[in-house]
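Structural characterization, general
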Amino acid sequence: MSVKHPIVAITGSSGAGTTSVTRTFETIFRREGVRAAIVEGDSFHRFDRTEMKKKMAEAESNGKPHFSHFGTDANLFSELENLFRHYAETGTGQARKYLHDDAEAAPFKQPPGTFTPWAPLPESELLFYEGLHGGVKTDEHDVARYPDLLIGVVPVINLEWIQKIHRDKATRGYSTEAVTDVILRRMHEYVHYICPQFTRTHINFQRVPVVDTSDPFIARTIPTPDESLVVIRFANPKGIDFPYLLSMLHDSWMSRANTLVVPGGKMDLAMQLIFTPMILRLMERRRQAMVA
């Protein structure tokens, strides 16, 4: 953690909805005039798309069917931890981009599925990370100790799978069977690398559908926000103005002393109400530290 150079990290699995949360934060940063350096977790994968396919085939032929983007072998945990540490100490660091598709790759004149060169972060007041491993911790690495605000985005598992299946079919042209194979291959590392992060987060957002998602592999549509509830769990509820949030978020309620439940359609508003004062406090602490 760092007063002068704060870090905010969003962590969640593929298909969890972290990109939507990032858009909410971008709105807050723009409205409040916060200069944020935004880093995508995909840029810390170890292999580009072509290399990853080869490595997966090699791993499977060597009796390692669980090799995936979720685990340590396919990621640069050292580089991610070093970025967080260096930014917390100096407000600077090196990052790159992973180019997902033709639209992202075109400005760089590179094929999609490749990385841009490492480059210095832009001048900023805050580092914002969104990806798979913002709260990861292993025997060798502890990324989770650096964020000043660590947020987990974790829908119930059937909804997460539905979202991933529909996204990968729509944007990547995968079949349901192909996405199912990916889910199965990743399950071992999902349990060991993704799930434990949500015990280290400061706040978790879990979307829960209130329609039948019993078989996510045949669902024809993703449950809409109005067909969902959002469970918001605060690791430390001290200082959270729950009466204010309950008054502003109609039809919300407390299910536990540290847990707020809101209608799915109000998730963005809930984030705005919760995170705006938190970001402003981080910026005020930074301002005071910089002039001290």
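The shown structure was predicted, so the numbers you read here are calculated from the model rather than taken from an experiment. (Residues numbered from 1 in each chain as written. Predicted model: local features only at pLDDT ≥ 70, side-chain atom pairs only at ≥ 80, totals over all residues. Heavy atoms only, no water.)

What follows covers the pairing of strand 7 (residues 203-209). Of all seven residues that make up strand 7, five are buried, and the element is covered over most of its length. Here strand 6 (residues 149-153) runs beside strand 7; their pairing, made up of three bridges, is parallel. Pairing of Gly152 across the sheet is with Asn204, part of strand 7. (Buried < 20%, exposed > 50% of the residue type's maximum accessible area, 1.4 Å probe, protein only. Helix = DSSP H or I, 4+ residues; strand = E, 2+ residues; numbered from the N terminus. Pairing = 2+ DSSP bridges.)

UniProt feature "domain: Phosphoribulokinase/uridine kinase" (unreviewed entry): in the numbering of this structure it lies at residues 7-214. Annotation note: span residues 7-214, helix share 39%, strand share 15%, distance between end C-alpha atoms 38 Å. (UniProt positions renumbered as here; feature names shortened; annotations may be inferred.)

Another aspect to go through is the pattern of salt bridges. The tally for this structure, following the rule as stated, stands at eight salt bridges. Linking Glu123 and Arg35 is a salt bridge whose minimum nitrogen-to-oxygen distance equals 3.5 Å. Here Arg35 lies in the loop between helix 1 (18-32) and strand 2 (36-40) and Glu123 lies in the loop between strand 4 (119-120) and strand 5 (126-131), a separation of 88 residues in the sequence. Look at Arg35 and you get partly exposed, because its relative accessible area is 40%. Close ionic contact of Lys164 with Asp168 constitutes a salt bridge, the shortest N to O distance being 2.7 Å. (Salt bridge = Lys/Arg side-chain N within 4 Å of Asp/Glu carboxyl O.)

Glancing now at the environment of Phe84. On the secondary structure map, Phe84 appears in helix 3 (residues 77-90). Not counting residues within four places of it along the chain, the set of residues in contact with Phe84 comprises Ile7, Leu127, Tyr129, Gly134, Val143, Tyr146 and Pro147. (Contact = heavy atoms within 4.5 Å.)

Quick look at the side chain of His141 now. Looking at the element boundaries, His141 is found in the loop between strand 5 and strand 6. Among the polar contacts listed, one links the side chain of His141 to the side chain of Ser78, at a separation of 3.3 Å. In terms of polar contacts, His141 uses its side chain to reach the side chain of Glu81, at 3.1 Å. If near-sequence neighbours (up to four positions away) are discounted, His141 is found in contact with Phe77, Ser78 and Glu81. (Polar contact = N/O pair within 3.5 Å; in protein donor to acceptor, adjacent residues only side chain to side chain.)

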